[in-house]
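# Inside the fold
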Amino acid sequence: RHGILIKDAEALEQAKKIAIVAFDKTGTLTIGKPRVVAVEDHLLFDSKEVLALAEAANAGSNHPLAGAVRAAFEHDAQRHPEIVRRKALDHRELPGRGVVSRLAEGPSAGVELAFGNHRLMEEWKVDTSLLDGRAAHFEGEGRTVSWLAQRTDASPQLIGLVAFGDEPKPHARAAIDALTRLGIATTMISGDSEGAARHVARLLGLTRYEANVLPREKVR
C-alpha cells in the first residue's frame, strides 16, 4: 500500500540496527525533472547560440539534463523562428562528467563539443575563469551548472554555461526529520557540485553530504 518492498524477514530484523541512511540527490530527494533557469554566454557567442549548441551536443543523451536542454531549445525556437538547429554526430556519454559530440554541418563541421561539469572542463583544459563567478552564484542558489566548450585544432574554447533548477520532493524534509527523531543520521551522495549539493543538504536538514562523486564511486 505504501510502495515499500520488503526483501525478506531478515531485512526487517536488521532494520533496528540502521545507524545511517544514504540518499542519492536527483530523483530521490528532488523531483528529478530539471529545467533550464539560465544560459550564460562567453565572449563571441550569445545565449541563443549557447542553447542551440548545447541541444546539439545532447541530442544522443537520455540524461534528465539533456531533456531539459531540448525542452528549453524548443521553447526558444517557437518564440524565435530564426534560431537554427545544429546537428552533431559521434555522441559519447561520459558517466559523471557529461557528453562529447562533433558538429556535422556548416563551417563548424568537425568541431568537437563538450557539455558537462567542471571536471570535464578540466580534462579538456578549458579556461572557465570568466564565468566562474556566475557559476558560483548559481550553485549557491542550489542550481546545477553544466559547461559548454568547443575544440578544434586550436586551443579548446569555452562557449558558455547552462544552469538547471530541480525542486526537492514535497515530503523529503519530513522524511529526513523523521529519521533524525529516530536517532538515525542521514547523508546525501551526489555527483553534483559542492555548492549545489550543500544548498540541498541545508534545505533538507541533512546531517552531512558528499559532492562531486562519480557514479562508480557512490557505492564505495
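Structure's up top.
Report follows, based on the coordinates.

Scoring rules and cut-offs
- Residues numbered from 1 in each chain as written.
- Predicted model: local features only at pLDDT ≥ 70, side-chain atom pairs only at ≥ 80, totals over all residues.
- Heavy atoms only, no water.
- Helix = DSSP H or I, 4+ residues; strand = E, 2+ residues; numbered from the N terminus.
- Buried < 20%, exposed > 50% of the residue type's maximum accessible area, 1.4 Å probe, protein only.
- Contact = heavy atoms within 4.5 Å.
- Areas by Shrake-Rupley, 256 points an atom, 1.4 Å probe, with all protein chains shown as cover.
- Lys, Arg positive; Asp, Glu negative; His and termini not counted.
- Charge placed at Lys NZ, Arg CZ, Asp CG, Glu CD.
- Salt bridge = Lys/Arg side-chain N within 4 Å of Asp/Glu carboxyl O.
- Pairing = 2+ DSSP bridges.
- Axes fitted to C-alpha atoms, helices over the stretch in contact; angles between N-to-C directions.
- Core = buried A, V, L, I, M, F, W, Y, C linked by side-chain atoms within 4.5 Å.
- Arc of directions from axis to C-beta.
- Patch = residues over 30% accessible without salt bridge, like charges linked within 9 Å, V, L, I, M, F, W, Y side chains within 5 Å.
- Right-handed = clockwise from strand over helix to strand, strands pointing away.

Here we come to the overall build of the protein. Secondary structure assignment for the protein yields seven helices and nine strands. Based on the C-alpha atoms only, the size of the protein along its principal axes is roughly 65 × 35 × 30 Å. For the protein, the proportion of its 220 residues judged to be buried stands at 40%. Put simply, 59% of the contacts in the protein that link residues at least 6 apart link residues at least 24 apart. Accessible surface, the protein as shown: approximately 12,600 Å² in total, 52% of it carbon and sulfur. A distance of 6 Å separates the average location of the 30 positive side-chain charges in the protein from that of its 30 negative side-chain charges.

Turning our attention to the pattern of salt bridges. The full count for this structure, using the stated rule, is twelve salt bridges. Put simply, E55, E74 and R85 are held in one network by salt bridges that share partners.

Before going further, it helps to spend a moment on the sheet that holds strand β1 (residues 20-24). Taken together, the three strands give an open sheet; going across it, the order is β1-β8-β9, and neighbouring strands pair in parallel fashion. The open sheet terminates on both sides in strands that have one partner only, identified here as β1 and β9 (208-210). Each strand of the sheet is rotated relative to its neighbour by a mean of 25°, with strand direction disregarded. Of the pairings in the sheet, the one linking β1 to strand β8 (residues 185-189) comprises five bridges and is parallel in character. Residue pairing in the sheet places D24 in a bridge with I189 of β8. Across the sheet, helix α7 (residues 194-204) touches β8 and β9, and the angle it forms with β9 is around 155°.

Once that is clear, we can look at the nonpolar core. Formed by 22 residues in total, the largest nonpolar core has its most connected members in L53, F115, L148, I159 and F164. Of all the secondary-structure elements, those providing two or more residues to this core are α2 (47-57), α3 (64-79), β4 (98-103), β5 (112-116) and β7 (157-165). Looking at this core, the element that brings in the most residues is α2, giving six residues. If sequence neighbours within four positions are ignored, L148 has contacts with V50, L53, A54, A57, A114, F115, L158, I159 and G160. One finds L94, V100, A135 and W147 within the second-largest nonpolar core, a separate group that totals 17 residues.

Another point: α2. In terms of burial, α2 is a largely internal element, eight of the eleven residues being buried. If you check which residues of α2 are buried, you get V50, L51, A52, L53, A54, E55, A56 and A57.

Before going further, it helps to spend a moment on helix α6 (residues 172-181). Among the residues of α6, A172, I176 and L179 are the ones counted as buried. Taken around the axis of α6, the buried residues stretch over an arc of 60°, which confines them to a single face. In this structure, the buried side of α6 is in contact with β1, β8 and α7. A positive phi of about 80° marks G183, the residue just after α6.

Okay, unusual backbone geometry next. A positive phi angle, close to 55°, is found at L43, a residue other than glycine. Locating L43 in the fold gives a position in the loop between β2 (35-41) and α2. Residue classification places L43 among the exposed residues on the basis of a relative accessible area of 61%. Positioned with a positive phi, K125 is a non-glycine residue whose angle comes to about 60°. By the secondary structure assignment, K125 is in the loop between α4 (118-123) and α5 (129-140). K125 gets classed as exposed once you look at its relative accessible area, which sits at 70%.

This part covers a nonpolar patch on the surface. Where nonpolar side chains cluster on the molecular surface, the patch consists of I4, I6 and L12 and spans about 320 Å² of accessible area. By the secondary structure assignment, I6 is in the segment before α1 (9-15). Overall, the relative accessible area of 43% leaves I6 in the partly exposed class.

A word on the pairing of β8. Counted residue by residue, β8 has four buried out of five residues, so it is predominantly covered. Of the strand pairs in this sheet, β8 and β9 are connected by three bridges, and their pairing is parallel. In the strand pairing of β9, T187 is matched with R208. You can see the chain leave β8, run along α7 and come back into β9, and the turn it takes is right-handed.

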